[in-house]
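Here's the letter readout for the chains.
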There are 2 protein chains.
Amino acid sequence: MVKVAVDAMGGDNAPAEVIKGSVRAVNEDNRIHVVLVGKEAVIQEQLQQYTYDKERITVVHAEEEITNEEAPVMAVRRKKDSSIVKAMTLVKNNEADAFVSAGSTGAVLVGAQLIVGRLPGVERPPLAPLLPTAKGVTLLIDCGANVDARSSHLVQFAKMGSVYMEHVIGIKNPRVAIVNIGAEEEKGNALVKETFPLLKNCNEINFIGSIEAREIPAGYADVVVCEAFVGNVILKLYEGMAKTLIGKIKEGMMSTFRSKLGALLVKPALKETLKDLDSSQFGGAPMLGLKGLVVKSHGNSKSDEIKNSILQCISFKEQNINERIKDSISVNEA
Amino acid sequence: MVKVAVDAMGGDNAPAEVIKGSVRAVNEDNRIHVVLVGKEAVIQEQLQQYTYDKERITVVHAEEEITNEEAPVMAVRRKKDSSIVKAMTLVKNNEADAFVSAGSTGAVLVGAQLIVGRLPGVERPPLAPLLPTAKGVTLLIDCGANVDARSSHLVQFAKMGSVYMEHVIGIKNPRVAIVNIGAEEEKGNALVKETFPLLKNCNEINFIGSIEAREIPAGYADVVVCEAFVGNVILKLYEGMAKTLIGKIKEGMMSTFRSKLGALLVKPALKETLKDLDSSQFGGAPMLGLKGLVVKSHGNSKSDEIKNSILQCISFKEQNINERIKDSISVNEA
């Protein structure tokens, strides 16, 4: 059984979509036990409308909530009775294996470090979303947890990302690349120039060199390593470009009578293709290197993404990802 | 008359497309005089197939070429008889107002600094391409000339970018934003946190605060300021995402009989819309802050982009952009 603490109050569509996603996860896979953390009365009222195995959804009451507007460190320190702090405390005390939240990213990142805590040897735990590509999926690591990282952090990200892609996503010998502004080894900023030879000398990963941002959507690497500021820019531009381009295409299709007719005909096929590029299919971004698993879902998650965020915790636990990460990091230290 | 030195040998489609683009520019606007720099015999042979005002295209012979594979600094220093070095020397000696090249980016950036030289007061000359957005166009500054820049450089980029957008593109009081990983002032890496208050205190620009990468394609700012590594990632991901998404959409449209039929009907309207998102319509990226203008076109430029790169030199000269940049920088220094 995999026990997942879920922040019932976090996200733009909480609690309704969060609770719906939790019920769907439990109904889809009988290895899942969800602990919904938040205002008990609200949660119980929502739960009444669903049919599910009552033994596999429990509720832990939390009186407070942390909003996106609050300063994360302060909020995590002060609001001991918030859904985020209480749920993370369950993970810390081994009463849950994982934590899923669509709430304040800042509070989740801070709580992960302060409450759940890092695995021995891990310098900085990265946030690592999966990006859809033309060929499947790529892990972007780090996308926002540690700005101004050092080269040793990036090497650990490469190792943790490799473990995740191989054992959770099932890609044998995943190709690791570092984001750079040219393909040649001498290109880059100071951080990349320092990190490149370290990655090259890393025997436990399949380092293929630099990747230019242009090649990420084409799927040229399985693990894309970068400092968090750059990763955050990549993640958000990915989302922004997709939205703008699809908007423009819809606008084009609606511009003439002839194109409107054509749009009706291409719509079903196009919907199917664009689904491949929808990142919610993967669930939220895992934060790696912690004593437990923390998954950060998008703030605007619907039940689908919440469900997928919960389900990804199964292979994380069954594949002993944290043990594997500890092993790979200790090789690094040796 | 605006005299533009063109690197006839630079780019994947040189010399044919470069020469075709030059002829088209001369035929489209009678203020343009092009000096084609490169192997004279090759150039003259290509020119024979076109009709144009012979007084407005001249040829300067250059025996050598600089390739993408050569180390830029070394190549610029050694190959005195290359098309890039000779054309830039024309600009330096005021025998040409501007230089356009689709050749080695590294050599163009190095040559711009070593041969053309910086305007007084300019610390670092940025490369600033125009990006298509849902609402029109945005200047991304810097996108690759100066990695690991300092905050004072970014402030100058903001000023130079504002001058360019206002007087070349014609956007009154352009909105300037700095690329960041969140909207709040306290967010960001060390460089952004240091630069933010400097931009806020800059009276000559219309600073609107941080921009998340997600909002760039939507067109939320006219001048998007960032350090070159980040800018390069944005520019290349912009291109890569567009290519992958359009590829996926075409694939979807070709997947069923019904959708193929629909594709025939939507094609003309879609082509029209996607043209808005084609960056070649703007010509290449200007490098600002130099004694003269240097425009870097894409390596794979066709005649269209070369023509547009040449034509943008007109408003650059007529609007006295360099005088305006000098003025805006000196305000900075005061």
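For the structure, see preceding data.
Residues numbered from 1 in each chain as written. Chains lettered and ligands numbered in written order. Predicted model: local features only at pLDDT ≥ 70, side-chain atom pairs only at ≥ 80, totals over all residues. Heavy atoms only, no water.

(A) Highlighting the environment of Asn308(B). Residues and elements named next belong to chain B. Here Asn308 is to be found in helix α10 (residues 303-318). Here Asn308 falls in the buried class, since its relative accessible area comes to 15%. Spatially, the C-alpha atoms of Asn308 and Lys159 are 24 Å apart, while their sequence positions differ by 149 residues. Those residues in contact with Asn308 that sit more than four places away from it in its chain are Ser280, Gln281, Phe282 and Gly283. (Helix = DSSP H or I, 4+ residues; strand = E, 2+ residues; numbered from the N terminus. Buried < 20%, exposed > 50% of the residue type's maximum accessible area, 1.4 Å probe, protein only. Contact = heavy atoms within 4.5 Å.)

(B) Spatial organisation of the interface of chain A and chain B. Counting residues at the interface gives 51 residues for chain A, matched by 51 residues for chain B. Across the chain A/chain B interface, buried area totals approximately 4,800 Å², and carbon plus sulfur atoms make up 76% of it. It is Phe229(A), Leu237(A) and Lys248(A) that lose the most area in chain A upon contact with chain B, and together they represent 14% of the buried surface on that side. For Glu239(B), the salt bridge is made with Arg214(A), and the minimal N-O distance between the two is 3.3 Å. Run the count over chain A and chain B and you get twelve residue pairs in polar contact (both at pLDDT 80 or more). Looking at the side of chain A that touches chain B, the elements that each hand over two or more residues are α7 (190-200), α8 (228-253) and α9 (257-275) of chain A. The dominant element in the side of chain A that touches chain B, judged by the number of residues it contributes, is α8(A), at 19 residues. Taken together, the residues that form the side of chain A that touches chain B break down as 31 nonpolar, twelve polar and eight charged. (Buried area = accessible area lost by both parts, 1.4 Å probe. Salt bridge = Lys/Arg side-chain N within 4 Å of Asp/Glu carboxyl O. Polar contact = N/O pair within 3.5 Å; in protein donor to acceptor, adjacent residues only side chain to side chain. Nonpolar A, V, L, I, M, F, W, Y, C, P; charged D, E, K, R; others polar.)

(C) Examining the relation of the copies chain A and chain B more closely. Once chain A is rotated about the relating axis by 180° and shifted along it by 0.0 Å, it coincides with chain B to within an RMSD of 0.0 Å. Both copies are brought into coincidence by an operation consistent with a two-fold rotation axis. Within chain A, Gly262(A) has its C-alpha nearest the rotation axis, a separation of 1.9 Å. (Least-squares fit on C-alpha atoms with pLDDT ≥ 70 in both.)

(D) Main features of unusual backbone geometry. Each neighbour pair has its own omega, and for Ala14(B) with Pro15(B) the value is 0°, a cis peptide bond. Of note, Pro15(B) is situated in the loop between β1 (2-7) and α1 (16-28). Cis peptide bonds are those with omega within 30 degrees of zero, and the linkage from Ile141(B) to Asp142(B) qualifies with 10°. Its location among the elements puts Asp142(B) in the loop between β6 (137-141) and α6 (151-169). Its identity is not glycine, yet Asn94(A) carries a phi of approximately 60°, on the positive side. You can see Asn94(A) is positioned in the loop between α4 (83-92) and β4 (98-101). Given the relative accessible area of 69%, Asn94(A) is considered exposed. Phi at Asp148(A) is positive, roughly 55°, even though this residue is not glycine. In this structure, Asp148(A) sits in the loop between β6 (136-141) and α6 (151-169).

(E) Here's a closer look at the pairing of β6(B). All names here are of chain B. Taken across its five residues, β6 has five buried, putting it largely inside the fold. Both faces of β6 are covered, namely the face carrying Val137, Leu139 and Ile141 and the face carrying Thr138 and Leu140. Bridge count for strand β5 (residues 130-132) against β6 is three bridges, and the pairing is antiparallel. What sits directly across from Leu131, in β6, is Thr138. Connecting the antiparallel pair β5 and β6 is a turn made up of four residues, with Gly136 showing a positive phi of about 150°. Inspection of the sheet shows β6 paired to strand β9 (residues 223-225) by three bridges, in the parallel sense. From the neighbouring strand, Leu139 faces β9, where its bridge partner is Val223. (Pairing = 2+ DSSP bridges.)

(F) Layout of helix α1 (residues 16-28) of chain A. Residue and element names in this part refer to chain A. Taking 1.5 Å per residue as the helical rise, α1 with its 13 residues ought to reach 18 Å, and the 18 Å between its terminal C-alpha atoms agrees with that figure. Those residues of α1 that fall on the buried side of the exposure criterion are Glu17, Val18, Ile19, Gly21, Ser22, Val23, Ala25 and Val26. Buried residues in α1 make contact with β1 (2-7), β2 (32-38), α2 (40-47), β3 (57-61) and α10 (303-318). (Expected span 1.5 Å × (residues − 1).)

(G) Fine view of the sheet that holds strand β8 (residues 206-211) of chain B. Residue and element names in this part refer to chain B. Judged by pairing direction, the sheet is mixed, and its five strands sit side by side in the order β5-β6-β9-β7-β8 without closing on themselves. Across the chains shown, the open sheet's two edge strands, defined by having one partner strand only, are β5 and β8. Averaged over all adjacent pairs, the angle separating strand axes in this sheet is 30°, with direction ignored. Across five bridges, the pairing between strand β7 (residues 175-179) and β8 is parallel. (Axes fitted to C-alpha atoms, helices over the stretch in contact; angles between N-to-C directions.)

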